[in-house]
Amino acid sequence: MSSNTDVQLIKNGKRLSGRKLEDLREIKIQPGVLDNADGSCYLEWGNNKVIAAVYGPKEAMPRHTQNPLKAVMNYKYNMAPFSVEDRKRPGPDRRSTEISKISGAALSKVVLLEKFPNMQIDVFVDVLQADAGTRCAALSAASVALADAGIPMTSLIACCAAGKIDNKVVVDLDKPEDNHGQADVPMAVIPRTEEIVLLQMDGHLTADEFKTAMRMAIDGSKKVNEIQIQALKEKYQGELNGD
Amino acid sequence: MSSNTDVQLIKNGKRLSGRKLEDLREIKIQPGVLDNADGSCYLEWGNNKVIAAVYGPKEAMPRHTQNPLKAVMNYKYNMAPFSVEDRKRPGPDRRSTEISKISGAALSKVVLLEKFPNMQIDVFVDVLQADAGTRCAALSAASVALADAGIPMTSLIACCAAGKIDNKVVVDLDKPEDNHGQADVPMAVIPRTEEIVLLQMDGHLTADEFKTAMRMAIDGSKKVNEIQIQALKEKYQGELNGD
Amino acid sequence: MSSNTDVQLIKNGKRLSGRKLEDLREIKIQPGVLDNADGSCYLEWGNNKVIAAVYGPKEAMPRHTQNPLKAVMNYKYNMAPFSVEDRKRPGPDRRSTEISKISGAALSKVVLLEKFPNMQIDVFVDVLQADAGTRCAALSAASVALADAGIPMTSLIACCAAGKIDNKVVVDLDKPEDNHGQADVPMAVIPRTEEIVLLQMDGHLTADEFKTAMRMAIDGSKKVNEIQIQALKEKYQGELNGD
Amino acid sequence: METSEVLLALQKPRLYELAAAGARIDGRKPDEYRQITIDENFIAFTAEGSCRLRMGNTDLIAGVKLTTGTPFPDTPEEGVLMTGAELPPLASSEFSFGPPSPFAIETARVIDRGIRESKMLDVKKLVIEPKESVWIVNIDIQALNYDGNLIDAGQLAAVKALLSTKIPKYEDGKIIREESSGNLPTQDKPISTTFAQVNKHNFLDPKFEEERLADALLTIQSTEKGALCAMQKQGTGSFMPKEVEGLVEESIKKGKEIRKKFL
Amino acid sequence: METSEVLLALQKPRLYELAAAGARIDGRKPDEYRQITIDENFIAFTAEGSCRLRMGNTDLIAGVKLTTGTPFPDTPEEGVLMTGAELPPLASSEFSFGPPSPFAIETARVIDRGIRESKMLDVKKLVIEPKESVWIVNIDIQALNYDGNLIDAGQLAAVKALLSTKIPKYEDGKIIREESSGNLPTQDKPISTTFAQVNKHNFLDPKFEEERLADALLTIQSTEKGALCAMQKQGTGSFMPKEVEGLVEESIKKGKEIRKKFL
Amino acid sequence: METSEVLLALQKPRLYELAAAGARIDGRKPDEYRQITIDENFIAFTAEGSCRLRMGNTDLIAGVKLTTGTPFPDTPEEGVLMTGAELPPLASSEFSFGPPSPFAIETARVIDRGIRESKMLDVKKLVIEPKESVWIVNIDIQALNYDGNLIDAGQLAAVKALLSTKIPKYEDGKIIREESSGNLPTQDKPISTTFAQVNKHNFLDPKFEEERLADALLTIQSTEKGALCAMQKQGTGSFMPKEVEGLVEESIKKGKEIRKKFL
């Protein structure tokens, strides 16, 4: 987090964006938006715009990566060059490599990989426009794209961050809050059981603040999950109704 | 092409080099100059100096590139570090990658690739000294090197550029003309049929100017072809006569 | 070597470090220091600190590197980022690539590679702290690590450099001597036979000076060899005695 | 040969049979574009200019980012144009990670060529301080779904994005992206048209199967005044001179239509 | 699957059986660190700060080199921290040459995160000339033998190395490494604790087999005052919220012990 | 093992049998160079200095390009020498694309070493402005056909090219390549000699099969005054000290001959 915390981010209990401490930004989810992918999802979350594509299951390549007990989960988080204020050079960097690693691990908890020995499942997420919280947006979209691809899962996973700004714990930091905030705690959970499948933290939080943040992130994730389910319902009920 | 067109390139119908609009620069072609290659060709074209080597046909590697119906044509255009005014870092760049792609496609039209299933034919061309028109020089040399390697072809291909300088359409731009000219149209053709196997254009040309340029480039290519044939004859007649 | 030779490196027959012309720096050798490696060796030589690890023999990979007549010797010399005054970017550079090539060749003379067809033997040496003479320190440590790994060899090899400073031939240059010296001759030998398995030279030496340097380097190597043998004896006698 | 190549090759006979009668696999006329849908300023929050464009099932975004840097030594009084194309495996199982493929490089370079050679950008107005500092106009094409003809789609998106691009304010050596000092100075609108030669017929705007199974491809780009600014022939086949002349004519005509409809 | 993975998997049943009874393969208690041995200033001849640290059979060196450079544009009045982790094949047959693996990158980034976010370094005091020139503090972790838990071992070594780091003298745009202008300005001492979840039990300081066969891993880092500064969950398993709360508490407690004992 | 290696190995018995009698596969005497042909200024249009050299069937070009840049911090008043060797697959089926192989790197570095250590270039005269700007002398060896002994051939070509190199005019921070400010300041002419040890005999100027099948190789480089300036032993064999002394003597003698004949 920034060492510069002298920007006032909360006034009269409201955040600069007008949100209350526990308010999420607006989220829109649209599954099935790409023609080539086996499953896909477009997701807007505040000013974040991400798109996820799933390819597979298919034979794992190169061959030495094949696991006779289960499929390999291959998650790639990527930022488009124009997705951030200072143009990003195309290609993976250290940050995206780390995010890909822990996000793929999070999905592996719910995807029934053991149904597909020797296969791989590719999940690609492109961040088209970034406004803080992109790893949560990406993973939430990926989960919907996996459902859209018909890949068997025990549950969707849903994500949300909490954090600290102006010494207050809040949910779902946006860009200015992330730039001038004091802590960020991105999380992903299995909504029904509250099992935590992704958890990171940076900044400064007391143990009590962390407890509050964890609770807010879980509650936020559950709200995200409702929107995920609604979006899938709309698509597939629509299809069943012949829309 | 340059945005700087204030240099006078034609005076009294003559170009700075003394050439008329339809004159090619001097071209020298020498097949069979490299010992290791299966076929080779050294070519000078004005101040351009290029050398082409052909290796193959040989088993295509890595194996997944093998095509059971025909050989893979593998063309690599490369510029030596000292071949240009500002030293070029060794190794491929975006420009040479593009040139290699379209040049290999051009040769594929005439080489009987289907005679060599699962094989690859490597064509390497090094530009040793550059004076504009290197892709045409390279491809003209490559065609002779393929003949020198005894690779069956339906025809040689011959190349020549046309362009526009001082609002006149001319053939075979040299370096100053390329730097200060208005358009460049590199082409490669099958001389007998005038089939166009390589065609690029950049700069500014009306449809009519383009027609003229295309004609001049075809005619230029035919002249190049005569020199190609002469060079091959000299070498192989010489050999037959025991020189 | 430096073009700057105006630093006085020898006074009253003594070098800046207090050494005489034929004196080596202090050397400490400790085999068997790493748990994962099949053999290892930590070596201090003046302020040089190097660590060598041997893995193998094991099946050579990728498969096309396998040689049905003998094992592949794979030597990698590497400098830690903090091992030199100006931080070194991690990863191989041209210098370390060259050192790895000739050091692996030197070891290949004594290791019984033909006993292990289709296998590879990996020798990794990390320079942790550098004080001139690192390639000799690394190779001396590698030889002990191979012995520690139980890899059959016809002999240990031992290394030492000689050089010229203040117009005098001396043995085992340290950093200031290397920076301001006139010539450096790193060598590796089979101590018993004096066969030279590694030899490089740079700087300025007359043929006679070179002869002297070669002799001093061989004698230095023999001293290094005594320390190598002593270190191995201590470890393995200790083990036999149940220490 | 990859499995995907084998599967693709299986479609060739039908494609060529149809073409013999001038027909296309998706029922289009030879000179017909697929439906083009444009989302302007799709990346308004972070890009200075942007456009999402769908051409049938080809779906991509062109984003424009302005940065500053030193000019090239041989053009000290001109801004710089840089064009890249990212073709990630998200957009097609044909694509893979790693450094740009020859296909991606060619796509970016041909898009760049038309924009550069039409002099669409008035690069002389992109100088901050001669020799020292100029605007670098970075166009990035990001493919979302690949169904052929990335060049035409990418260039139309890029031109559209450039036309909407705002130059950030520049003060005391700092870019202030929140404020704008006006639009990018433009002076032309190049249009790219790509034809696929299938069994001697030339089909405009090839979709994936047409592009990949064609004998040859010809891209022709023209300016507002109907001059040519860029061409590129791809593929292992050939074109006859008369054929090229005809396609040039058709390209200029189509360019005018597209320009009228979308720019 | 590599042979080594298959061999490792064979150990899983025993590991999980033991864990069912709260026991570990090397006999340690669940909340017990392996023996930690520290060689301070191990690289005194060439590094500004350094520490060799063994945690059981995990053996590594943290070296600190100070270089100078321009600050990041958004923090013109702050020095720069850079952390890398080299995990060479010398240290384990698990590792290979080439660009850093995701595992190495994550290791370096999590170590970096705790040092950065605890504000251990007073980066404002690392400015040579605002906007122009600042100290860059390069921490390099070099693994010598890998037996699990590189994050805790690497971060402890790095903190130790930073505490002993001398800033070279800087005069007339030159670094004079022979002379020092004092210690690195520090203001905290973060401690990292990593837990491996094995069959529902959480084991502190996992050794290789525990780390690789665990369902999940949780790293928690805390400051001197007992606040959290960094966390990272790894692995395909999950943690319950209450479980995390318990580990947070344990981490803060363990952090105090380690700090007292070694710093 | 590559097929080419297997084929090469088949030639070994004959090579060693001949060598037992001091004979070589191409009939040369042990201390005989292949025919050397030199084309001076082969790249006169674009390079500041150049030379094409054939040594038997080994064929290469050395090109010298002068650029400007900042000096190394530890030698602020010296120009810079950079030597590269490109060994492309055009020159031999032994070579492949990609980053330079260890063989190419060693070749370039040994060529560089002799030129650098003989002090052939008077680098102190290559300063444009101390600390700020110096000439960088880029030597690039481009192999056209590889038949062994690239080091001797490449170094002779490089020395020849350097002797003919013109320094471009430099005015107002610009290189004016059309005009020259004189020759490169040189003060020595190092010569490289390489010997291949085959079945205990040492053969000067090894051709491909000798180089690749030799037990060991020794390169010795000497200055005009007959001092040594660089050496490099390659290969898995060994040399006896007396053997090296003999080769040093022969190298110095051969160096004088070559220098007289070609420089």
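Given the structure is predicted, the values throughout are model-derived calculations rather than measurements.

Criteria and cut-off values
- Residues numbered from 1 in each chain as written.
- Chains lettered and ligands numbered in written order.
- Predicted model: local features only at pLDDT ≥ 70, side-chain atom pairs only at ≥ 80, totals over all residues.
- Heavy atoms only, no water.
- Helix = DSSP H or I, 4+ residues; strand = E, 2+ residues; numbered from the N terminus.
- Rg over C-alpha atoms; globule rule 2.2 N^0.38 Å.
- Buried < 20%, exposed > 50% of the residue type's maximum accessible area, 1.4 Å probe, protein only.
- Contact = heavy atoms within 4.5 Å.
- Areas by Shrake-Rupley, 256 points an atom, 1.4 Å probe, with all protein chains shown as cover.
- Lys, Arg positive; Asp, Glu negative; His and termini not counted.
- Charge placed at Lys NZ, Arg CZ, Asp CG, Glu CD.
- Buried area = accessible area lost by both parts, 1.4 Å probe.
- Salt bridge = Lys/Arg side-chain N within 4 Å of Asp/Glu carboxyl O.
- Polar contact = N/O pair within 3.5 Å; in protein donor to acceptor, adjacent residues only side chain to side chain.
- Nonpolar A, V, L, I, M, F, W, Y, C, P; charged D, E, K, R; others polar.
- Phe/Tyr/Trp six-rings, centres within 6.5 Å; stacked < 30°, edge-to-face > 60°.
- Lys NZ or Arg CZ within 6 Å of the ring centre and 35° of its normal.
- Pairing = 2+ DSSP bridges.
- Axes fitted to C-alpha atoms, helices over the stretch in contact; angles between N-to-C directions.
- pLDDT = per-residue confidence, 0-100.
- Parallel < 35°, antiparallel > 145°, perpendicular 65-115°, else oblique.
- Left-handed = near helix turned anticlockwise from the far one by under 90°.
- Core = buried A, V, L, I, M, F, W, Y, C linked by side-chain atoms within 4.5 Å.
- 1 Å grid on protein atoms, 1.4 Å probe; cavity = no way out; pocket = protein on both sides within 12 Å on 5 of 7 lines; lining within 4 Å.
- Points joined across faces, edges and corners; volume = space filled by probe spheres on them.

From N to C terminus, chain A includes 4 helices and 11 strands. Taken against the 2.2 N^0.38 rule, which gives 18 Å for 243 residues, the C-alpha radius of gyration of chain A at 18 Å falls within 12% of a compact globule. Here the C-alpha coordinates of chain A stretch approximately 55 × 45 × 35 Å along the principal axes. Per-residue burial for chain A yields a buried fraction of 59% across its 243 residues. Across chain A, the fraction of contacts at a sequence separation of at least 24, relative to all contacts at a separation of at least 6, is 69%. Total accessible area on chain A stands at roughly 9500 Å², and carbon and sulfur atoms take up 47% of it. The averaged location of the 33 negative side-chain charges in chain A is 3 Å from the averaged location of its 31 positive side-chain charges.

Okay, the interface of chain A and chain E next. Frequently, the measure chosen for interface size is the accessible area removed from exposure when the parts meet. Opposite the 36 residues of chain A that make contact, chain E presents 35 residues. For the pair chain A and chain E, the summed buried area comes to about 3000 Å², and 56% of that belongs to carbon and sulfur atoms. It is Arg94, Glu98 and Lys101 of chain A in chain A that bury the most area against chain E; as a group they hold 20% of the surface buried on that side. The interface formed by chain A and chain E holds 4 salt bridges in total. Our enumeration of links across chain A and chain E arrives at 15 residue pairs in polar contact (both at pLDDT 80 or more). Going through the elements one at a time, helix H1 (94-108), strand S11 (195-205) and helix H4 (207-240) of chain A are the ones with two or more residues in the side of chain A that touches chain E. Here the side of chain A that touches chain E takes 11 residues from S11 of chain A, the largest share from any one element. Here the side of chain A that touches chain E is composed, by residue class, of 14 nonpolar, 13 polar and 9 charged.

It is worth spelling out the arrangement of the chains at this point. Here chain B and chain E are not in contact; the least distance found between their C-alpha atoms is 20 Å. No interface is formed between chain A and chain F, the nearest pair of C-alpha atoms being 20 Å apart.

This brings us to the packing of aromatic side chains. This model, assessed by the stated rule, comprises 24 aromatic pairs over all chains. Centre to centre, the rings of tyrosine 55 of chain B and phenylalanine 124 of chain B are 6.1 Å apart; their planes meet at 50 degrees, and the pair counts as tilted. With a gap of 69 residues between them, tyrosine 55 of chain B in strand S5 (residues 48-59) and phenylalanine 124 of chain B in strand S7 (residues 119-129) connect regions that are remote in the sequence. With a relative accessible area of 5%, tyrosine 55 of chain B lands in the buried category. Cation over ring: arginine 52 of chain E sits above tyrosine 42 of chain C, and NZ or CZ is 5.9 Å from the ring centre.

It is worth spelling out the environment of phenylalanine 72 of chain E at this point. Position of phenylalanine 72 of chain E relative to the elements: it lies in the loop between strand S3 (58-69) and strand S4 (80-86). In this structure the C-alpha to C-alpha distance between phenylalanine 72 of chain E and serine 251 of chain E, which are 179 residues apart in sequence, comes to 33 Å.

Contact with chain C, which involves 36 residues of that partner, is made by 36 residues of chain F. Roughly 3000 Å² of surface becomes buried between chain C and chain F when both sides are summed, with 56% attributable to carbon and sulfur atoms. Interface area lost by chain C to chain F is led by Arg94, Glu98 and Lys101 of chain C, which between them contribute 20%. One salt bridge in this structure joins arginine 113 of chain F and glutamate 98 of chain C, with 2.8 Å as the shortest N-O distance. Between chain C and chain F we count 15 residue pairs in polar contact (both at pLDDT 80 or more) in total. Top element by residues in the side of chain C that touches chain F is strand S11 (residues 195-205) of chain C. It accounts for 11 residues. Grouping the constituent residues of the side of chain C that touches chain F by class yields 14 nonpolar, 13 polar and 9 charged. Of the pairings in the sheet, the one linking S11 of chain C to strand S12 (residues 228-234) of chain F comprises 4 bridges and is antiparallel in character. Looking across to S12 of chain F, one finds that glutamine 200 of chain C is bridged to glutamine 232 of chain F.

Reading across from one edge, S9(C)-S8(C)-S10(C)-S11(C)-S12(F)-S11(F)-S9(F)-S10(F) is the order of the 8 strands in this open sheet, with antiparallel pairing throughout. Edge positions in the sheet fall to strand S9 (168-171) of chain C together with strand S10 (201-204) of chain F, since each of these pairs with one other strand and no more. Between one strand and the next, the sheet's axes are offset by a mean angle of 20 degrees, whatever the strand orientation. As defined by bridge partners, strand S11 (residues 216-222) of chain F adjoins S12 of chain F across 6 bridges and the pair is classed as antiparallel. Note on S12 of chain F: the bridge partner recorded for serine 222 of chain F is leucine 228 of chain F. Packing against the sheet, helix H3 (residues 102-117) of chain F makes contact with S11 of chain C together with S11 and S12 of chain F, and its axis sits at approximately 160 degrees to S12 of chain F. Sheet contacts for helix H4 (residues 150-163) of chain F: strand S9 (191-198), S11 and S12 of chain F; angle to S9 of chain F, the most-contacted strand, approximately 170 degrees.

The predicted model of chain D averages 96 in pLDDT, with 100% of residues at 70 or higher. Both scores are given for the predicted complex: the pTM is 0.97, the ipTM 0.96.

Attention now moves to the packing of helix H1 (residues 94-108) of chain B against helix H2 (residues 134-148) of chain B. Residue and element names in this part refer to chain B. For the pair H1 and H2, the least separation of the axes is 11 Å and the interaxial angle reads 40 degrees. By the criterion of interaxial angle, the relationship of H1 to H2 is oblique. The handedness of the crossing between H1 and H2 comes out as right-handed. In this structure, H1 contributes Arg95, Ile99, Ser103, Ala106 and Leu107 to the contact, and H2 contributes Thr134, Arg135, Leu139, Ala142, Ser143 and Leu146. Here the contact of H1 with H2 is built from residues that sort into 6 nonpolar, 3 polar and 2 charged.

The subject of this paragraph is unusual backbone geometry. Most peptide bonds are trans, and most residues other than glycine sit at a negative phi. With an omega dihedral of -5 degrees, the bond running from methionine 61 of chain A to proline 62 of chain A counts as a cis peptide bond. Mapped onto the elements, proline 62 of chain A comes out in the loop between strand S5 (48-59) and strand S6 (72-79). The residue after glycine 56 of chain B, namely proline 57 of chain B, is reached through a cis peptide bond having omega 0 degrees. Residues other than glycine seldom take positive phi values, yet aspartate 166 of chain A does so here, at roughly 50 degrees. Here aspartate 166 of chain A is to be found in the loop between strand S8 (158-165) and strand S9 (168-171). Its relative accessible area of 24% is what places aspartate 166 of chain A among the partly exposed residues. A positive phi angle is found at alanine 132 of chain C, which is not glycine, with a value near 70 degrees. By the secondary structure assignment, alanine 132 of chain C is in the loop between strand S7 (119-129) and helix H2 (134-148).

Moving on, we come to the nonpolar core. Within soluble globular proteins, side chains that are nonpolar generally end up buried alongside one another. Within the largest apolar cluster, 140 residues are counted, with the highest numbers of intra-cluster contacts made by Ile121, Val123 and Phe210 of chain B together with Val137, Met231 and Val244 of chain D. Apart from the residues lying within four places of it in its own chain, the contact partners of methionine 231 of chain D are Leu199, Gln200, Met201 and Phe210 of chain B together with Arg113, Leu218, Thr219, Ile220, Val244 and Val248 of chain D. Formed by 139 residues, the second largest nonpolar core is a distinct cluster that contains Ile10, Cys41 and Leu146 of chain A together with Leu162 of chain E.

In this section: the side chain of serine 108 of chain C. Take serine 108 of chain C: it is sitting in helix H1 (residues 94-108). Judged by its relative accessible area of 16%, serine 108 of chain C is buried.

Further remarks concern the pattern of salt bridges. Residue and element names in this part refer to chain B. Scanning the model with the defined rule gives 126 salt bridges over all chains in all. Between glutamate 177 and arginine 15 there is a salt bridge whose closest N-O contact spans 2.7 Å. Pair noted here: glutamate 177 is in helix H3 (residues 175-180) and arginine 15 is in strand S2 (residues 14-15), with a separation of 162 residues, a long-range link. One exposure class covers both glutamate 177 and arginine 15, and it is buried.

What follows concerns empty space enclosed by the protein. All names here are of chain D. Using the criterion set out here, one finds 6 cavities of 30 Å³ or more in the structure. Computed from the structure, the largest cavity encloses a volume of approximately 90 Å³. In terms of lining residues, the largest cavity is bounded by Phe103, Glu106, Thr107, Asn149, Leu150, Ile151, Thr194, Glu211, Leu217 and Gln234. For the lining of the largest cavity, the secondary-structure elements that each account for two or more residues are helix H3 (102-117) and helix H4 (150-163). Taken together, the residues that form the lining of the largest cavity break down as 4 nonpolar, 4 polar and 2 charged.

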